[in-house]
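Letter by letter, the chains look like this.
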Amino acid sequence: MARPCAAPPLRAAVLVLACAVVAPVAVSAQEASGADAGSGGGASSRAGARGAEGTDARGATRTDPATSFEPFAPRDSADTFFRASPVGRLGSGLPPGQAGLFSGSPAQPGGLGAPLGPQGNYGVPEGRSYVVQPSIIVQELFTDNLFQTPWDKQSDFVTTITPSIYAAADTARLRGSLAYLPTFSHYANTSGQDRLDHRFVGQALATLLPGSLYLSMSGSGDTRTATGGFTPEGTTVVSRNNRVQTLNFQATPYYVQRFGGWATALAGYTYGYGSTSGSDAFLPGSGQRYFTSQNYNSNEIFGVLRSGENFGRVALEARASGTSYDGTGVLNGARRNEASLQALYAFTRNIAGFVEGGYEDQRYAGVPEVRIQGPIWSVGTRLRPSQDSIITARYGRRDGFNSASLEAAVSVGPRTRVFATYSDRLTTSARRGNDLLNTAGLDETGYPGDAGAGFYPGSNSGQFNSNPFLAVQGGLIRLKRAAASVTRTFTRDTVTLSVFREEQEPISATVGTTVFAQRGTSGSLAWARELTPEMTAIAYVQYGTYSSPTFRTTNTGSSGTTGTASASLVRRFTPRLSGSLQYAISRRDPGGDQGASIQNLVLVSLRQDF
């Protein structure tokens, strides 16, 4: 039973911030109308971010083996270091540094406004070897439909406190970044909903012996919804019992040996850990459980031998890896062993073709038990239309089926950037987090192509995996994922159009649970406008459809829709103090006879950097 709303002093103090944020809007808009030509609202640089060629913040080219040994020919999108794509997290749309305060601002378009990183530039500032930036974020949220239900709506105030820390290093021995944002949420009128969520993402490359021995480390943690069916970028507030905490870690010591211009060899070991924890989830009306907490440990040994520049237009690469899993569910006693040989030929400076052949041996527990043994192959092309554009397309056989993959990052003129990605692979909910870590700078051998480059919260390489669009399952699935976005920057504006499609096909279920097919498609439009150097306005709209049996009393599935719209104002009061005000409305219709639900929310945020 809800009790009357009370506003303690902390809540009242935070709400006062709304007036401070909104008051200057009229003046700000008037000032901005004639100031386009003189504003500095273009894309800002991120100090310390390194490019794909391995240059550091000072412009020096790194030639040590740990950075020159870049991925040869990614076998699919999960093996590519595909940095700075706004399609990594639906709703982010506008990567930091694109328009005004959005470079480290306390608001993400479409999201709940929580700052995801330090104020200002990310990385290591010029002339420094490391940076540590602590901060504290206090937010007050009001919603008129806490659990987004069509009936018996319950309003509530939610106070969140997030003591965050961002750290980065760029030294001769250590390079990398870490962002940790533990969030405590207190519900004023709903007992039992208070919780502590752990959100973090980081990766680092340590040089143990210069030129030969290295240690790569990466990790991430986030929360998702068990049932799915919510706006992809996570605007909706959901019940504590519908939250799943994910944790993923990897550590890779490896050795590199270069044989002049003829070849480079790499050998190493990767330890991985992954877990998904939360309340068990059941299909409505059937009592069939489809999610239960799981975890695993993995051990991988790998080796790579790659030809050098003396071979001219021809590049050859042999690689082998063996991975064993120890954990719960379908990964209990699982294994994944692969060996392959790739050959690439550069027809021109910008056009190359490659072929691959090899063998795989995989085994997964579950019902039914899955064994995959047979040849693997692929053919593809790698195009470089310009210096900052690359397209890699592949078709072949892996994981026991034929599939295609695509990665594209193309600049269309100086102001327009197009991203597209498609992948088709076997995975699990617990392992998927480490699959994403691999995209953040490691290929499938565990090699970090350029650890720390372009790595910051909000980029694809440093993104939280909080997509609540589809349900979290405990079994083995075939996951097809496609995403594309177009970003256009102007003097004071940045506009991003994104589309997303995901399909999950059941392969094997954990004993005692069920696994099912589900799919979803979503599109969004985000617009950020710099009103003044101290204030940015952000607008966001999204609409999506999904099909899943998690919202119907039969297991035949149901089709639902989600939609959201939000408007935010972000204001910087001092170089270290900023705030934001956001209004969002979400509509969710799971189909069937459950009815549609609407949730309104108002969010006020205050952030202090130290």
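Computed from a prediction, not measured in an experiment: that's the story for all the values here.

1. Details of the overall build of the chain
Phase 1: The helix and strand tally for the chain stands at four helices and 26 strands.
Phase 2: In the chain, which comprises 610 residues, the proportion classed as buried is 57%.
Phase 3: Contacts in the chain between residues far apart in sequence, at least 24 positions, make up 64% of those at least 6 positions apart.
Phase 4: Counting every atom, the chain has about 23200 Å² of accessible surface; 61% of that belongs to carbon and sulfur.

2. Thoughts on the nonpolar core
Proteins that are soluble and globular tend to have nonpolar side chains buried together.
Phase 1: Listed in full, the twelve residues of the largest apolar core are Tyr 296, Tyr 325, Val 330, Leu 331, Ala 334, Tyr 364, Val 370, Ile 372, Phe 401, Leu 426, Ala 430 and Leu 476.
Phase 2: Ala 281, Leu 283, Ala 471 and Phe 516 belong to the second largest nonpolar core, which has nine residues in total.

3. Notes on the packing of aromatic side chains
Phase 1: For the structure shown, the criterion picks out ten aromatic pairs.
Phase 2: Taking 5.0 Å as the distance between ring centres and 50° as the angle between the ring planes, the aromatic pair formed by Phe 142 and Phe 157 counts as tilted. Note that Phe 142 is positioned in strand β1 (residues 130-143) and Phe 157 in strand β2 (residues 156-170), a separation of 15 residues in sequence.
Phase 3: For Phe 142, a relative accessible area of 30% corresponds to the partly exposed category.

4. Describing the environment of Ile 538
Phase 1: By secondary structure assignment, the location of Ile 538 is in strand β23 (residues 535-548).
Phase 2: Residue classification places Ile 538 among the buried residues on the basis of a relative accessible area of 4%.
Phase 3: In this structure, the C-alpha to C-alpha distance between Ile 538 and Leu 569, residues 31 residues apart in sequence, is 6.4 Å.

5. Details of the side chain of Ser 164
Phase 1: Take Ser 164: it is sitting in strand β2.
Phase 2: One polar contact links Ser 164 to Ser 135, side chain to side chain, over a distance of 2.5 Å.
Phase 3: Residue contacts for Ser 164: discarding those within four places in its chain leaves Gln 133, Pro 134, Ser 135, Ile 137, Tyr 180, Leu 181 and Arg 607.

6. Comments concerning the pattern of salt bridges
Phase 1: What the rule picks out here adds up to 19 salt bridges.
Phase 2: A salt bridge links Arg 306 to Glu 317; the nearest nitrogen and oxygen atoms lie 2.3 Å apart. Placement of Arg 306 in strand β12 (residues 294-307) and of Glu 317 in strand β13 (residues 314-327) is noted, with a sequence separation of eleven residues between them.
Phase 3: The class for Glu 317 is buried, based on a relative accessible area of 1%.
Phase 4: Ionic contacts of the salt-bridge type, sharing partners, join the residues Arg 336, Glu 338, Glu 356, Arg 394, Arg 398 and Asp 399 into one network.

7. Points about the confidence of the model for the chain
Phase 1: Mean pLDDT for the chain: 75, with 71% of residues reaching 70 or above.
Phase 2: The least confident element of the chain is helix α2 (residues 25-33), whose mean pLDDT is 38; the most confident is strand β16 (residues 370-383), at 95.
Phase 3: Contacts for the low-pLDDT stretch residues 1-121, under 50 throughout, to residues beyond four places or in other chains number 355 contacts.
Phase 4: For the stretch residues 439-466, pLDDT sits under 50, and the model shows 126 contacts to residues farther than four places along the chain or on other chains.

8. What about the side chain of Gln 139?
Phase 1: Mapped onto the fold, Gln 139 is located in strand β1.
Phase 2: Overall, Gln 139 belongs to the buried group, its relative accessible area being 8%.
Phase 3: Among the polar contacts listed, one links the side chain of Gln 139 to the side chain of Ser 605, at a separation of 2.8 Å.

Conventions and cut-offs
Residues numbered from 1 in each chain as written. Predicted model: local features only at pLDDT ≥ 70, side-chain atom pairs only at ≥ 80, totals over all residues. Heavy atoms only, no water. Helix = DSSP H or I, 4+ residues; strand = E, 2+ residues; numbered from the N terminus. Buried < 20%, exposed > 50% of the residue type's maximum accessible area, 1.4 Å probe, protein only. Contact = heavy atoms within 4.5 Å. Areas by Shrake-Rupley, 256 points an atom, 1.4 Å probe, with all protein chains shown as cover. Core = buried A, V, L, I, M, F, W, Y, C linked by side-chain atoms within 4.5 Å. Phe/Tyr/Trp six-rings, centres within 6.5 Å; stacked < 30°, edge-to-face > 60°. Polar contact = N/O pair within 3.5 Å; in protein donor to acceptor, adjacent residues only side chain to side chain. Salt bridge = Lys/Arg side-chain N within 4 Å of Asp/Glu carboxyl O. pLDDT = per-residue confidence, 0-100.

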